[in-house]
Amino acid sequence: ILVQGDTSSALSVALSAFHHKIKIIHLEAGLRTHDNYNPYPEELNRQLISRIADIHVCPSRLNHDNLIKENITKNIYITGNTGLDNIKKNQVNIKNQVLITMHRRDNLDNIHLWFIALNNIARKYPDINFIYPMHPNPVLQENKHLLTNINIINPVDHDNLINLIKSSIFIISDSGGIQEESCYLDKFIFITRSSTERPEILTCHGILSPDPDILQDNINNFMNNQKIINHDISNPCPFGSGDSWIKIRDILNNFIS
């Protein structure tokens, strides 16, 4: 059984496979924040899958090292992440826009404060089109009236989301996947979280912005300097080069044979 990621459904399938004594292959293995409640429940889900998986397919060297520290030492492979394999780096035409996505439960209790801050940012930079594909979560819907200076649109499919990333000046998001996609497409991302399971991004393409005030300060600094101190966006993407499927195919062929 091959499971990907850190969702509760991935854990459920892995646990069922374990109960049936079926071998488990875990894609996107080894990501860690080392805080079971952040992100919740994904951090514990991925740790539990690691305990019962037979093959661990890691996006990065850091993920590999995390598993070693947990005394998981066999059948660990570094391949990059499959989430990048279908993304083409062409047609990166920067427009005067910024993509926003926020949906994580970690931010819902204070979402009104986040929305006020986002609206203040958009008001300060009126020449930029701030685009927010609004998640259907009712807490977000109840507070969207606070975003008077932001262009709220319906949720978009993945292809259109990638196009929005390609055409943005920078990204504001609490998404894990978008951290990788932004980095791969050489876009800077303001991560509206207190920690990330992808800390490799913090030296090249991303910065943690754990509360609304810090987010506003970080964006003002970026807009004034067009860079963040101690970050080098010329560094290669640490999450892969778009060819992980080839490496994973070879691993699986060797394992099956």
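One can find the structure itself at the top, above this paragraph.
A brief structural summary. Keep in mind that what you see is a predicted model, and the values were worked out from it rather than measured. (Residues numbered from 1 in each chain as written. Predicted model: local features only at pLDDT ≥ 70, side-chain atom pairs only at ≥ 80, totals over all residues. Heavy atoms only, no water.)

**Let's talk about the overall build of the protein chain**
Item 1. Check the secondary structure of the protein chain and you find 10 helices and 10 strands.
Item 2. Since a compact globule built from 257 residues should have a radius of gyration of about 18 Å, the 19 Å found for the protein chain is in line with a globular shape.
Item 3. Along the first, second and third principal axes, the C-alpha set of the protein chain runs to 60 × 35 × 30 Å.
Item 4. The proportion of buried residues among the 257 residues of the protein chain is 50%.
Item 5. Accessible surface, the protein chain as shown: approximately 12600 Å² in total, 51% of it carbon and sulfur.
Item 6. Each charge class in the protein chain can be summarised by its mean position, and for the 23 positive and 27 negative side chains these summaries are 4 Å apart. (Helix = DSSP H or I, 4+ residues; strand = E, 2+ residues; numbered from the N terminus. Rg over C-alpha atoms; globule rule 2.2 N^0.38 Å. Buried < 20%, exposed > 50% of the residue type's maximum accessible area, 1.4 Å probe, protein only. Areas by Shrake-Rupley, 256 points an atom, 1.4 Å probe, with all protein chains shown as cover. Lys, Arg positive; Asp, Glu negative; His and termini not counted. Charge placed at Lys NZ, Arg CZ, Asp CG, Glu CD.)

**Some thoughts on the sheet that holds strand 6 (residues 129-133)**
Backbone-to-backbone hydrogen bonds pair the strands of a sheet. The strands run either parallel or antiparallel.
Item 1. Spatial ordering of the open sheet is given by 7-6-5-8-9-10, a layout of 6 strands whose pairing is parallel. The open sheet has two edge strands, strand 7 (151-153) and strand 10 (206-208), and neither has a second partner. Across the sheet, the mean angle from the axis of one strand to that of its neighbour is 20 degrees, orientation sign disregarded.
Item 2. Relative to strand 5 (residues 97-101), helix 7 (residues 158-166) is tilted by about 135 degrees, and along the sheet it contacts strand 5, strand 6, strand 7 and strand 8 (170-173). (Pairing = 2+ DSSP bridges. Axes fitted to C-alpha atoms, helices over the stretch in contact; angles between N-to-C directions. Contact = heavy atoms within 4.5 Å.)

**Side note on the nonpolar core**
Item 1. Counting residues in each nonpolar core, the largest one holds 26 residues, and the members touching the most others are L118, F130, Y132, I172 and F190.
Item 2. If you list the elements that add at least two residues to this core, you get strand 5, helix 5 (111-124), strand 6, strand 8, strand 9 (188-191) and helix 9 (212-225).
Item 3. Among the elements that make up this core, the one with the highest residue count is helix 5 (6 residues).
Item 4. Excluding its chain neighbours within four sequence positions, the residues that come into contact with I172 are V98, L99, I100, T101, L118, F190, T192, L215 and I219.
Item 5. In this structure, L161, L185, C204 and C237 belong to the second largest nonpolar core, which totals 19 residues. (Core = buried A, V, L, I, M, F, W, Y, C linked by side-chain atoms within 4.5 Å.)

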